[in-house]
Structure formats: C-alpha cells, structure tokens
Amino acid sequence: ANYANLAIMSVPHSRTVIVVLAILVFVQDILLAIFYADKIGTNNDFFNKFLLLGYEESRNDTEMIPIVENKLTLWNQSSPSLAQEAETPQDTVQNLRELTFNDLILGEHISSGSCNIAIEVKLPDWWHQQQKVLQQKNQLPSYFPVDENTDLVVKIAVFPDWGDLEMRALRKLHADKDLAEKHKIMPFTWGAETFDNPFYEGGDGKETPQRELPKQLTKVRMKLVGRKAISALVVPNLDSLGQMYGMGKLKTLEELHRFMRSLFETLEYANSVGVNNFDMTGDNLRVDKNGTAILIDWNRMHVEDEDIYMGAGGSPIIPPEGFFKEVPVVKNDGSGETIMKRVKQTSVGSYDIWSVGIRFANILFQPCYWVYPGSGNKKYSLKEIIRSTGRNTEILVNKEGDKSDLATLVGLDSEEVAQTPFRLPICHGTEMPCKPCSAKSFPVLDSNGTQMRDKALDLLEKMMHIAPQDRPTAKELLEHPFLN
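Let me begin by describing the structure that accompanies this report. Quick caveat, the model's predicted, so the values are computed rather than measured.

**Focus on the sheet that holds strand 3 (residues 105-112)**
One open sheet accounts for 5 strands, arranged 3-4-5-7-6; its pairing is antiparallel. Looking at the sheet topology across the chains shown, the edges are occupied by strand 3 and strand 6 (190-196). If you compare each strand with its neighbour and ignore which way they point, the axes differ by 25 degrees on average. Of the strand pairs in this sheet, strand 5 (residues 152-157) and strand 7 (residues 229-236) are connected by 6 bridges, and their pairing is antiparallel. Along strand 7, the bridge assignment pairs Ile156 with Ala232.

As structure tokens, then:
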C-alpha cells in the first residue's frame with residue numbers, strides 16, 4: 001500500500017508503475033515465505049498454506065512447540081521448551097496450536113453409559129507448556145486450569161448430537177465463570193463437537209481405522225468402532241467431583257436442606273440462561289464432601305418449543321408430558337375434531353422440577369415411587385401416577401396454547417381425578433410386587449416432628465403436578481418454608 005501511494009504521488013495516473021510495484025511487493029512476500037519456510041525446515045504444504053491462507057503453523061510433527069521470533073509464533077520441533085516470548089502489538093500469543101482428539105493420550109476405561117464412554121486421559125506436554133504461557137498472560141481459554149498431575153477423563157459421546165448438546169449447555173453455563181464456579185457447574189478443559197471417529201472400522205469391519213484402539217479399551221471396542229462420528233469432552237475425573245448420589249447419603253435434616261437448596265440454586269441459574277438438565281438420573285447427580293448437589297451431565301439439554309419426548313416413558317424421572325411423542329388436541333375451528341400434535345417443551349425448567357420431586361421422594365422414603373420403575377408400559381405407568389397425584393391433568397402441548405388431557409388419554413375421568421387429593425408414593429423398593437410406602441416412616445425426618453414432615457410433603461406435592469405449567473420454578477421453590 002505504501003509503494004502504491006508513493007507511485008501515485010510520483011507519477012500521477014501511471015497504472016503501469018503501480019502494477020509493476022505491486023508485483024515487486026508480491027515477489028518480496030514470496031521470498032519472505034521461502035525464507036521462513038526454510039528457516040523452520042518445513043515442507044511444501046506449509047509454503048502453500050502461507051501463500052493461500054496466511055501464516056499458519058505446520059502440524060505434521062506432534063512434538064512441535066511454539067517459539068516467538070520477530071513477533072511471529074513459529075513451531076519448532078527441535079526446541080526443548082518455550083523460548084522467552086516477545087511482546088506482540090496486541091500482547092497476545094499468536095497462532096495457538098489447537099488440541100485435537102488424536103493428541104489425547106488414552107488410558108484405562110472408566111465407565112460406560114447409554115451415550116457416554118469415560119476413559120482416563122492425559123494431555124500432551126506441548127499443550128501444558130502452551131497453557132502456562134496463556135495463564136501468565138491471563139488468556140487461558142479453558143474453563144479450569146490443569147497441570148500434568150490433574151486427574152482427567154475424556155467423555156466420548158457415541159451419539160454425537162448429545163455430546164454437541166452438552167458442550168452447548170456447558171458453554172452457556174460457563175459464560176459467567178464466577179456463577180459457574182458458585183453453582184458447581186462441571187468444568188471442562190477441551191471439547192470437540194461432531195468429528196470423524198478415528199477408530200471407525202466401517203459397517204463391514206474392513207475399513208482401516210485412522211487410530212488404533214488402545215488394548216486396555218477392549219470393553220468398549222464394539223461401542224466405538226461401529227460409530228462413524230463421535231464427539232468428545234475432557235473433564236475432571238467425575239469421582240473427584242463428588243460421591244454418586246444414592247439412598248441413605250443424606251442422614252440429617254441439615255444435610256437434606258443443603259442438598260435441596262444447592263440443587264434448586266443450580267437449576268435456577270441454569271434456567272436463567274436457557275438451560276435445563278433433562279437427565280437427573282442417580283448416576284448424573286452427585287454429592288460433594290460439603291453436601292452440595294452437583295449435576296455432572298448436561299447432554300440431554302432441550303430448549304423451548306423442542307420435542308420433549310424421550311422414548312423412555314415409565315422411567316420415574318420422566319414427567320408425564322414426556323411419555324408420548326404425540327397427543328390428541330381439539331382443533332380450534334369449533335368442529336370438536338381432534339388431531340395429533342407433537343408435545344413441545346413449553347417452559348425451561350418444568351421437566352427438571354418433576355425429576356427433583358422424584359429424587360426428593362427417594363430421599364424421604366428411601367426409595368419410593370408412584371409406580372414400579374421397571375414396568376415398561378407407558379399407559380399403565382401414567383395411569384398409576386395420575387391416580388396417585390390427582391389434580392389438573394390438562395397439559396400445555398406447545399407455545400400456541402394447544403392442550404391435551406392426559407387422564408382421558410389413559411382412560412380416566414379428568415373431573416374425577418381433579419378431585420383426587422395428592423397421595424404419597426405407593427411403591428417401596430424395586431421388586432415386584434412392591435411394598436406400600438409407610439406414611440409414618442420418614443428416615444431423614446423422624447426426629448424433627450410432624451410440622452417439618454408436613455412442610456416436606458407440601459414441597460413434594462408442589463413439584464409433582466401432572467401439568468407442567470402448574471409446577472413452580474426453581475426460584476419459587478427456594479422460598480418454600482421447608483428450605484427456610
């Protein structure tokens with residue numbers, strides 16, 4: 001640009017001179033590219049990238065680490081450590097090397113679920129060195145600092161859409177780092193949304209995988225090699241976050257208060273940024289050493305107006321509106337005719353409130369359900385739940401205001417059900433035939449008098465509304481007398 005301006009000033013209207021000078025500048029840039037390419041001993045691929053895409057590091061050698069020279073970050077495979085960093089005009093580290101799944105050093109298989117496989121993982125030395133420079137400059141992109149001794153796992157999502165959802169949720173939840181830390185939101189170091197599975201062997205098992213599966217991962221071999229795409233997330237070892245939630249963990253009223261308050265506070269924060277959990281299983285709900293509730297899985301996040309059907313109606317934590325993909329809705333044209341419509345999420349937190357209610361009942365009665373959890377028959381399960389919990393059974397189906405009566409759908413009279421008082425869970429334990437829950441036995445509350453029991457049951461009743469629009473929000477429940 002300077003040469004062109006000089007040419008215009010010196011020889012007005014001389015396009016030829018401008019073109020010639022522009023060519024000279026371009027040749028100068030090529031010579032500079034050759035100089036730097038030769039200087040770090042790279043290949044033609046590097047040279048092509050320099051010309052076509054601007055300066056970019058060559059990543060052929062996994063041991064290459066950055067040094068800074070002439071205010072450019074170069075990758076030098078012969079340097080044993082980071083050279084002293086020169087200041088750049090923006091005081092930022094240039095051309096950071098991006099961590100990829102293939103850089104991860106995999107260890108032992110930890111656990112597997114319906115969606116995730118957790119595997120021990122170490123991060124490469126060059127990444128730790130890069131992080132130290134970033135930390136010094138207060139530019140650390142990770143959500144929590146780690147060093148070579150941090151106990152990490154990689155969560156591989158064999159259904160990559162769910163992995164993508166979890167990363168989307170965690171990024172929203174970590175937008176405010178202080179609030180994320182306060183509410184014990186699971187931190188993560190690195191994540192990659194849907195990418196080609198390097199272990200994929202093809203449908204016929206004959207395709208050559210890009211990466212050999214470590215021998216110690218034989219337990220998860222079939223789960224991994226058949227998936228064309230996966231997603232992955234590096235997080236702290238889940239056991240380090242807290243003990244797995246389970247019956248009998250909370251033995252005093254104080255412990256119960258702390259657990260429930262922290263759980264509602266986490267959900268209030270999550271709901272405020274448009275995130276819900278949708279998967280409050282016993283495996284995903286932990287208790288830390290201080291008695292604080294921690295949710296360690298967010299891969300089922302839904303947003304308003306998305307289909308709410310989960311395909312597992314009958315599971316206790318799934319609320320009635322999640323049992324069916326479509327429900328009958330009366331048309332608005334006055335004809336009285338019904339049509340089938342998909343059930344959408346109409347509020348961010350109502351699904352989770354039902355799940356918390358189930359967990360609360362388990363704590364009180366250790367355990368207890370309104371229906372045997374393994375029944376598998378959706379209509380039977382929903383019928384028993386409606387009979388026990390009573391009250392309004394007309395659910396809001398979508399944002400357009402369509403409604404559907406679930407009592408009628410399972411063969412019950414909605415007016416009769418509306419007059420039915422809320423009843424305690426009817427099924428104790430997980431064996432059939434199940435034993436009735438005792439209205440006189442509260443393992444956690446026995447020593448705290450009938451007034452506290454009444455408050456606990458009132459909190460439970462408020463969470464267990466059939467209609468999602470009738471359930472209080474997490475913020476409202478934090479004001480409940482039982483927690484205050």
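**A look at helix 4 (residues 125-136)**
In a regular helix each residue adds 1.5 Å, so 12 residues correspond to 16 Å; helix 4 covers 17 Å between its end C-alpha atoms and thus fits that length. All of the buried residues along helix 4 are Trp126, Trp127, His128, Gln130, Gln131, Val133 and Leu134.

**A closer look at the nonpolar core**
Soluble globular proteins tend to bury their nonpolar side chains together. Core analysis: the largest hydrophobic core is formed by 81 residues, its most contacted members being Phe264, Phe360, Met463 and Phe482. The dominant element in this core, judged by the number of residues it contributes, is helix 10 (residues 350-365), at 10 residues. With residues up to four places along the chain from it excluded, the contact list for Phe264 reads Ile353, Val356, Met463, Ala474, Leu477, Leu478 and Leu483. Judged by nonpolar contacts, the second largest core, of 26 residues, contains Leu99, Trp126, Leu152 and Trp190.

**Quick notes on the packing of helix 10 against helix 14 (residues 449-463)**
Any two packed helices are characterised by how steeply their axes cross, that is the angle between the axes, and by the distance between the axes. Where helix 10 meets helix 14, the closest approach of the two axes is 8 Å, and the angle between their N-to-C directions is 150 degrees. As judged from the angle between their axes, helix 10 and helix 14 are roughly antiparallel. The handedness of the crossing between helix 10 and helix 14 is left-handed. On the side of helix 10, the interface is formed by Ile353, Trp354, Val356, Gly357, Phe360, Ala361, Leu364 and Phe365, while helix 14 contributes Ala456, Leu457, Leu459, Leu460 and Met463.

**Some remarks on the packing of aromatic side chains**
Counting across every chain of the model gives 6 aromatic pairs. Aromatic side chains Phe101 and Phe195 sit 5.4 Å apart centroid to centroid with 40 degrees between the ring planes, which places their arrangement in the tilted category. Note that Phe101 is positioned in the loop between strand 2 (72-76) and strand 3 and Phe195 in strand 6, a separation of 94 residues in sequence. With a centroid separation of 6.0 Å and 80 degrees between ring planes, the pair formed by Phe101 and Phe199 is classed as edge-to-face. One end of the pair, Phe101, is in the loop between strand 2 and strand 3; the other, Phe199, is in the loop between strand 6 and helix 7 (221-225), with 98 residues separating them in the sequence. Since its relative accessible area comes to 5%, Phe101 is described here as buried.

**Description of the packing of helix 9 (residues 253-272) against helix 10**
Packing of helix 9 against helix 10 brings their axes to within 12 Å, and their N-to-C directions diverge by 170 degrees. Here helix 9 lies roughly antiparallel to helix 10, going by the angle between them. Along its contact with helix 9, which presents Leu256, Phe259, Met260, Leu263, Phe264 and Leu267, the element helix 10 presents Asp352, Ile353, Val356, Phe360, Ile363 and Leu364. For the contact of helix 9 with helix 10, a count of residues per class yields 11 nonpolar, no polar and 1 charged.

**Examining the pattern of salt bridges**
All told, the structure shown has 16 salt bridges when counted by the stated rule. One salt bridge in this structure joins Lys132 and Glu148, with 3.7 Å as the shortest N-O distance. With Lys132 in helix 4 and Glu148 in the loop between helix 4 and strand 5, this pair connects stretches of sequence that are 16 residues apart. On the basis of relative accessible area, Glu148 is assigned to the partly exposed category, the value being 38%. Residue Glu265 pairs with Arg261 through a salt bridge whose shortest N-O separation is 3.8 Å. Here Glu265 and its partner Arg261 are both found in helix 9, 4 residues apart, which amounts to about one turn of the helix. Of the residues examined, Glu265 reaches a relative accessible area of 27% and is grouped as partly exposed. Owing to a relative accessible area of 25%, Arg261 belongs among the partly exposed residues under this scheme.

Conventions and cut-offs
- Residues numbered from 1 in each chain as written.
- Predicted model: local features only at pLDDT ≥ 70, side-chain atom pairs only at ≥ 80, totals over all residues.
- Heavy atoms only, no water.
- Pairing = 2+ DSSP bridges.
- Helix = DSSP H or I, 4+ residues; strand = E, 2+ residues; numbered from the N terminus.
- Axes fitted to C-alpha atoms, helices over the stretch in contact; angles between N-to-C directions.
- Expected span 1.5 Å × (residues − 1).
- Buried < 20%, exposed > 50% of the residue type's maximum accessible area, 1.4 Å probe, protein only.
- Core = buried A, V, L, I, M, F, W, Y, C linked by side-chain atoms within 4.5 Å.
- Contact = heavy atoms within 4.5 Å.
- Parallel < 35°, antiparallel > 145°, perpendicular 65-115°, else oblique.
- Left-handed = near helix turned anticlockwise from the far one by under 90°.
- Phe/Tyr/Trp six-rings, centres within 6.5 Å; stacked < 30°, edge-to-face > 60°.
- Nonpolar A, V, L, I, M, F, W, Y, C, P; charged D, E, K, R; others polar.
- Salt bridge = Lys/Arg side-chain N within 4 Å of Asp/Glu carboxyl O.

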